[in-house]
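Residue-level structure breakdown
Given next are the chains, with one letter for each unit.
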Amino acid sequence: MTLALFLGVPAISADSLDNNEYVQPGANHAETAQLIARLLAHQHFRHQPIDDELSEKVLDTYLDALDPDRYYFTQDDVEEFQAHRHELDDMLMEGDLELAYRIYDRLKRRTVERADFARHVIDGGLDFDSDKTMDLNRRDQDWVADADALDRLWRKRIKNDALTMLLGDEDEEQTMELLRNRYDNVAENMKRSDAEDIFETFMGAWSRTFDPHTSYLSPRNSEEFDIQMQLSLEGIGAMLRTHRDFTEIVELVPGGPADQSGELSPGDRIIGVAEEDEDMVDVVGWRLRDVVDRIRGPKESEVRLRILPGGDSDAAPRTVTLERNEIALEEQAAQKEVREIEREDGTHRIGVIKIPAFYTDFAAAQAGDDDYRSTTRDVRRLLDELEDENIDGLVIDLRGNSGGSLQEAVDMTGLFMNGGPVVQIRRSDGQTEVMDDVDGETAYDGPLAVMVDRQSASASEIFAGALQDYERAIILGERTFGKGTVQTMVDLDRFSNDPTAETGRLKMTIAKFYRVTGSSTQKRGVEPDIYFPSAVGEDDIGESAADNPLPWDEIDPVDFRPIDNLSNVVPLLQERHEERVADDNAFQAMIDEFRHMRETRETTEVSLNRDKREQEREERNAARLRKANEHRTIQGLEPLESVDELEREDGPNTLLDASTQILTDLLLLREEPRTAQRWGLREAD
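What counts, and where the lines are drawn
- Residues numbered from 1 in each chain as written.
- Predicted model: local features only at pLDDT ≥ 70, side-chain atom pairs only at ≥ 80, totals over all residues.
- Heavy atoms only, no water.
- Phe/Tyr/Trp six-rings, centres within 6.5 Å; stacked < 30°, edge-to-face > 60°.
- Helix = DSSP H or I, 4+ residues; strand = E, 2+ residues; numbered from the N terminus.
- Buried < 20%, exposed > 50% of the residue type's maximum accessible area, 1.4 Å probe, protein only.
- Lys NZ or Arg CZ within 6 Å of the ring centre and 35° of its normal.
- Pairing = 2+ DSSP bridges.
- Contact = heavy atoms within 4.5 Å.
- Axes fitted to C-alpha atoms, helices over the stretch in contact; angles between N-to-C directions.
- pLDDT = per-residue confidence, 0-100.
- Parallel < 35°, antiparallel > 145°, perpendicular 65-115°, else oblique.
- Left-handed = near helix turned anticlockwise from the far one by under 90°.
- Nonpolar A, V, L, I, M, F, W, Y, C, P; charged D, E, K, R; others polar.

1. Notes on the packing of aromatic side chains
A complete count under the given rule lists 11 aromatic pairs for this structure. Here the aromatic rings of phenylalanine 199 and tyrosine 216 are separated by 5.4 Å at their centres, their planes lie at 85 degrees, and the arrangement is edge-to-face. Of the two residues, phenylalanine 199 is situated in helix α8 (residues 195–208) and tyrosine 216 in strand β3 (residues 215–217); the sequence distance between them amounts to 17 residues. Of the two residues, phenylalanine 199 and tyrosine 216, neither departs from the other in class, the shared state being buried. Of the aromatic side chains, those joined through ring pairs into one cluster are Tyr71, Tyr72, Trp154 and Tyr183. In this structure, arginine 377 packs its charged tip against the face of tyrosine 372, placed 3.8 Å from the ring centre.

Structure representation (structure tokens):
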């Protein structure tokens, strides 16, 4: 694939940034800052005072937001800023934003200086024969001492950026020209930053010190948010954010073009965008709204994305072609299948319902449509169909389900129990609300297991946690995400003294979820009864991996009665599972594949020698392909010929196989009256 050069961006020099270009705060920013401070101090769930301790955290968060990889500021810069670390709180309460804007101005100047330096280095030619290396994970490293140290760091960065493209089959001359334009583009975007951009970044730093889900949206991005919500069912179906000069995929909408392609994952970075057959345009360093504008387009038209995979720090870029389209609710809907498990006593039929999200068609419901779609309605229908297919047990698969409608989570829990409390919600004022299953009608009362993983969050955790507390289901998989908080969107315009002012919105955490036992789902998530191996570490994904998460805690439990005694039998199920998978070649091959994936993700130091870098990448890709094919072959799937095919092909579902086996163990225990009585299980009907 040939990448077009991003033309039209003039070369910038630091001399072009004179004092007249220093951006001043907007007319209403002082008042808005004071308002946000009051709301955070008095309405946020954390109840954190705005004091010197918080001021220190805000400065660190602001600097991390401006220079997350330590490529622009020096230690001298940071020490100068730190001299004011106990002043930001007083400044905020007074509406004084001068320091924040001055720090941003320093970043702007440093960015322009780095673009000048990068152009000079590229023009002088790059040496790819040295034995130097570079650690790409710079988030936790110190800022370098001075400009000379920054020069040395940037020589490494430029070489690494060049090698990433060269090893992705770009020719050298074009790569060098592309890099010149890329660095100039980053500097140009910084130079174009206006008061609203700076204010949003600074107030975002204040917000994130309260918790990672609290944020400030400027008037411009508040409008963009509304547009995104209106278009949420049209486009490529992906939520994006700007992260370290890159546009990063945060979440894929279930059933959307990006999700259905099988080639994109959260964490992947978009470095280029092309319309239909047009030339690819490099978008590194672009503003998010500009990237989104380029990705958007007419329904059923094609867009090509140049992707840097997020799971491998040294992966080669690849191109993904997507057709823009509406995201049909049917594609997000729950789906079923039946799996047959052979045991000595015969064949056992296990139903599986995969639920990508907790959804409801609000528009149809409000319009009075009696047949509107929702998770609970769809699952109830699937349960009726599975009953007709004579299933012996049921697995609910919530892997990758990041949540959705709270009411749907409560209603769907009610399909598997006869009424009772499901979840508690404690608000910032200390008041607690209990949400109950008021239906009291059980749609399925047979053996049940729920599969979860690290991306199962929010509503998924409420559902899984409730069924675990009632001992209604065995929970299988990984510890869940741990998002146990509730946010609300506050329109700041209604607090302004100026009725014509546009001040934006504040998304603020105002409540937390608690299980019926009183335990929070926040940060800890739901721990499975039986753990499965994972391709990611708990420190890589989840609430505990975010900055400033609210802590786990407990409140008083509510009155509830367990439905079964599954906790008694979990050790026996665990023992049988371990005995079975010890001799299961597919399961052991999967463990080996996951281990290799984690090791690859954790390896962040790369060589700056072209031949060595290419050899290491080839060896790593060959090892990954070999391990994946070993797993596929054992499961009866055709081996793949390249790593690229791994991104497009569905792999073996070994964990689902293991889940159906565990559930079969459970139903056999329940079907034997003496065994069921011994373990205190509710016998099968």
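2. Structural notes on the sheet that holds strand β12 (residues 335–343)
Ordered in space as β12-β13-β14-β17-β18-β21, the 6 strands form an open sheet in which the pairing is mixed. With partners counted over all chains shown, the strands left at the sheet margins are β12 and β21 (530–531), one partner each. Bridge count between strand β13 (residues 346–354) and strand β14 (residues 393–397): 5 bridges; the pairing is parallel. Counted as the bridge partner of isoleucine 350 is glycine 393 from β14. The strands that helix α16 (residues 459–469) touches are β14, β17 (448–452) and β18 (474–477); relative to β17, the one it contacts most, it runs at about 140 degrees. Across the sheet, helix α21 (residues 654–671) touches β12, β13, β14, β17, β18 and β21, and the angle it forms with β12 is around 65 degrees.

3. Concerning the confidence of the model for the chain
In this model, the chain carries an average pLDDT of 88, and 93% of its residues clear a pLDDT of 70 or more. Here residues 1–20 scores under 50 on pLDDT; set against residues more than four positions off or in separate chains, the count is 49 contacts. Predicted confidence for residues 229–233 stays below pLDDT 50, and this span has 6 contacts to residues more than four positions away or in other chains.

4. A closer look at the packing of helix α2 (residues 52–66) against α8
In the contact formed by α2 and α8, the axes pass within 8 Å of each other and the chain directions differ by 130 degrees. For the element pair α2 / α8, the angle class is oblique. Note on packing geometry: the crossing formed by α2 with α8 is right-handed. Across the interface between the two elements, Leu54, Val58, Thr61, Tyr62, Ala65 and Leu66 of α2 pack against Ile198, Thr201, Phe202, Ala205, Trp206 and Arg208 of α8. For the contact of α2 with α8, the residue count by class is 9 nonpolar, 2 polar and 1 charged.

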